Amino acid sequence: MKENLKSVDPAAQVLLKVAGQKHIATAFERAEKLKPCPIGHQGACCKMCHMGPCRLVGKEEEAEGVCGATLPVVTARNFARMVAAGTAAHSDHARDLANTLLAVGRGEAKDFQVKDVRKLNRVAGYLGVNVEGKTVNQVAEEVALRFLEQFGQQKGELAYNARAPKKRQEIWKKLGIAPRAIDRECVEMLHRTTMGVDQEMENIMKGALRAALADGWGGSMMGTDISDILFGTPKPVRTKASLDVFLEDHVNLVVHGHEPSFAEMLVVASEDKEIEAYAKSKGAKGVKLIGMCCTANEILVRHGIATAGGFLQQELGLLTGMVEAMVVDVQCIMPAIGELAKKYHTKIVTTTPKGKMKDAVHIEYDEHHALDLAKKVVRLAIDNFPNRKKEGVVHANIKPADVIAGFSHEYIEYMQGGEYRGSFRPLNDAIIAGRIRGVVGLAGCNNPRISQDSMHNFLTRELIKNDVLVVQTGCSAMASAKAGYLTPEMAMEQAGPGLRQVCEAIGIPPTLHMGSCVDNSRILTVATAIAMEGGLGDDIGGLPAVGIAPEWMSEKAIAIGTYFVASGVPIIFGAGSPVSASKSMKELMEKKWWEQLNAGFYFEEDPGKVLELALKLIDAAREKLKIRKYEPGAFGTERVLLDMKARRGSFATPHGVDV
Ligand code: BF8
């Protein structure tokens, strides 16, 4: 690992050099100049009231703030609030989607239709909505209303809790952490962590587990399902990933953020014939839509739209001087892009009342007039094309990597038996036989305090080499995409022989891009399917599976990590621990949670140790399941490289389209 570099992405390195030459500071330099506050970094700063903030760093567990709150209570409260915020972010995203589905069902959002009726009907089943004798739109309306109830219902539990294995549901009930309603869990967590309410570390963390589950099996799972219903369930598509996807002779329009609805319409608008003609009238050959962050993942897995990368690429993208407009909505949008854009001709367009930015153009998105608004934004970008300064254009001149992405739960199932006999049997058998050692969900952000992509790339490479199937989402998937690990050719070359054989037989690459961060819920669905298939226990807890977020930075990542642990998947986070101030918290998360949840939450910054721990946890799970001990190289060593041309049929989609 080249940790001394700010980024291991060669295109990012070129743009960082350009930033230096132009004396433009980016997050990379700001992170160098501004060291993290050591007190807050460890979770030891309490600012829940105005008697403080009380700084408890370096103190014993018994150290108290003015009110008497101890170090474990303070760190637990800080952690729980991160979970609540992360859950709120994913779930508010889902709420907007549910309202869009409602508008579609009622015929009020004419530019959208239900694209996956089969998924709508399956979801209706989960929610207890009878579909007999109803039109697609009537079902969509009822499903949307049922989804909206999940936020504020005053009785019962979340409907999707029932999608988890029975054993897991019993664990949640026994511990009192089965989520009831999404808003309720977020509100209760904020209440309980305010001054003078919950004074017991373990109880606070139980609340955090419940709030996190309201994200994983609530907001995030709803977000994924509604997006699939409205915009289509992903199946493999081929595209490109790099800071070099901008085209000099095109209008470059970047869509950045998280919610997919407006992005879907921008895809339609940018391909419109009239729009193309308008672009030509301004001297461009057409409009190039480019994704960034999780919106990129959404339109990448459904439409094969190229991505400029993840969180740390947003400033670097603008430094190419080729971005006519960057359309943003919510989450992970750096305020710094506003000032940076002013140094170029780039227009930043905000689209939601929830997220405005000084000096940005505000064009508010409304699903009732989605396509008209999308065309308005694309025209704004086109009008800005003549303002691009030719002399300011920078190409990284690094060939963009090919990417194959779009591995939904449905597609993985389809690949293991076809349209009518899809199952997880082949995957389970391969794990039982030891061909596949285990599964790792590699997810989460980039963080400028870590050499960009270094840990993601190192772990991807080493895990597949060790016969571990890697499933990826969010900025982690972007890191693999840019490094070329999402092409079967390259990944197969690096994969261990057992994993390679299985991937060859099933027709999937060893690194599967499953979507955006809300799509971590797809991993929960896959884990449930593996548990229910048989032969590997009857719960998610105990599977030879681990989740890793090696370069995390967002509260959303903390919520995700926590819901995975609550669901039975051990989790390892790099980039420092936000609870390191308290030994009791470490003890709870690494040990006691194993007794209660059959999983633990670890923080480990050393990449080699992260790998070692992940493999150790996988091997321990194998031993407990009494399945064959993993032996490296037991399944032959010949390098069977996947020839994409010869293998084209392997990536046939359920609808018969090759990629
Ligand atoms: O939700 S991985 S930096 S972009 S928070 Fe943000 Fe982290 Fe990227 Fe998407 Ni997820």
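The structure reproduced in this document is the subject of the present report.

What counts and how
Residues numbered from 1 in each chain as written. Predicted model: local features only at pLDDT ≥ 70, side-chain atom pairs only at ≥ 80, totals over all residues. Heavy atoms only, no water. Donors = N, O, S within 2.8 Å, 3.2 Å for Na, K, Ca; no water. Tetrahedral: all angles 85-135°; square planar, octahedral: opposite > 155°, others 65-115°. Helix = DSSP H or I, 4+ residues; strand = E, 2+ residues; numbered from the N terminus. Patch = residues over 30% accessible without salt bridge, like charges linked within 9 Å, V, L, I, M, F, W, Y side chains within 5 Å. Areas by Shrake-Rupley, 256 points an atom, 1.4 Å probe, with all protein chains shown as cover. Salt bridge = Lys/Arg side-chain N within 4 Å of Asp/Glu carboxyl O. Buried < 20%, exposed > 50% of the residue type's maximum accessible area, 1.4 Å probe, protein only. 1 Å grid on protein atoms, 1.4 Å probe; cavity = no way out; pocket = protein on both sides within 12 Å on 5 of 7 lines; lining within 4 Å. Points joined across faces, edges and corners; volume = space filled by probe spheres on them. Nonpolar A, V, L, I, M, F, W, Y, C, P; charged D, E, K, R; others polar. Contact = heavy atoms within 4.5 Å. Pairing = 2+ DSSP bridges. Axes fitted to C-alpha atoms, helices over the stretch in contact; angles between N-to-C directions.

### Brief notes about the coordination of the nickel atom of the ligand
The protein supplies the nickel atom of the ligand with one donor atom, Cys517 (SG), which lies at 2.3 Å. Around the nickel atom of the ligand, the four donor atoms are arranged such that angles at the metal cover 90 to 158°; this shape is classified as irregular. Relative to the assigned elements, Cys517 resides in the loop between strand E12 (511-515) and helix H23 (520-533).

### Examining a nonpolar patch on the surface
On the surface, Met51, Val66 and Met195 cluster together into a nonpolar patch covering about 280 Å² of accessible area. Relative to the elements of secondary structure, Met51 occurs in the loop between strand E1 (45-46) and strand E2 (54-55). Looking at Met51, the relative accessible area reads 45%, which means it is partly exposed.

### A look at empty space enclosed by the protein
In total, this model carries seven cavities of 30 Å³ or more according to the counting rule given. Gly441, Ile523, Val546, Phe564 and Val569 are the residues nearest the centre of the largest cavity, which is lined by 29 residues in total. Secondary structure elements with two or more residues in the lining of the largest cavity: strand E10 (438-442), H23, strand E13 (545-549), helix H24 (555-567) and strand E14 (571-573). Partitioned by chemical class, the residues of the lining of the largest cavity number 24 nonpolar, five polar and no charged. Considered as a void within the structure, the second largest cavity measures approximately 100 Å³ in volume. Looking at the lining of the second largest cavity, the elements that each hand over two or more residues are helix H12 (293-303) and H24. Here the element with the most residues in the lining of the second largest cavity is H24; it accounts for three residues.

### Some words on the layout of surface pockets
Estimated volume of the largest pocket: approximately 1300 Å³. Forming the boundary of the largest pocket are 41 residues, of which Pro36, His41, Asn447, Arg449 and Met553 lie nearest the centre. Going through the elements one at a time, helix H2 (27-33), helix H3 (38-41), helix H4 (71-105) and helix H19 (454-465) are the ones with two or more residues in the lining of the largest pocket. At five residues, H2 tops the list of elements feeding residues into the lining of the largest pocket. Looking at the lining of the largest pocket residue by residue, the classes come out as 21 nonpolar, ten polar and ten charged.

### Some thoughts on the environment of Leu373
Along the chain, Leu373 turns up in helix H15 (residues 370-384). The exposure class of Leu373 is buried, given its relative accessible area of 14%. Distance from Leu373 to Thr351, taken between C-alpha atoms, is 9.8 Å for residues 22 residues apart in sequence. Residues within four places of Leu373 in sequence aside, it is in contact with Phe262, Ile363, Glu364, Tyr365 and Asp366.

### Points about the sheet that holds strand E8 (residues 361-362)
The pairing of strands in a sheet comes from backbone hydrogen bonds and takes either a parallel or an antiparallel form. Sheet architecture is open: five strands sit in the order E5-E4-E6-E7-E8, paired in parallel fashion. Both edges of this open sheet fall to strand E5 (287-292) and E8, since each of them pairs with a single strand only. Here two bridges tie strand E7 (residues 347-350) to E8, and the two strands are oriented parallel to one another. If you follow Thr350 over to E8, its bridge partner there is His362. Of the strands in this sheet, strand E4 (251-256) and E5 touch H12, which is tilted by about 120° from E5.

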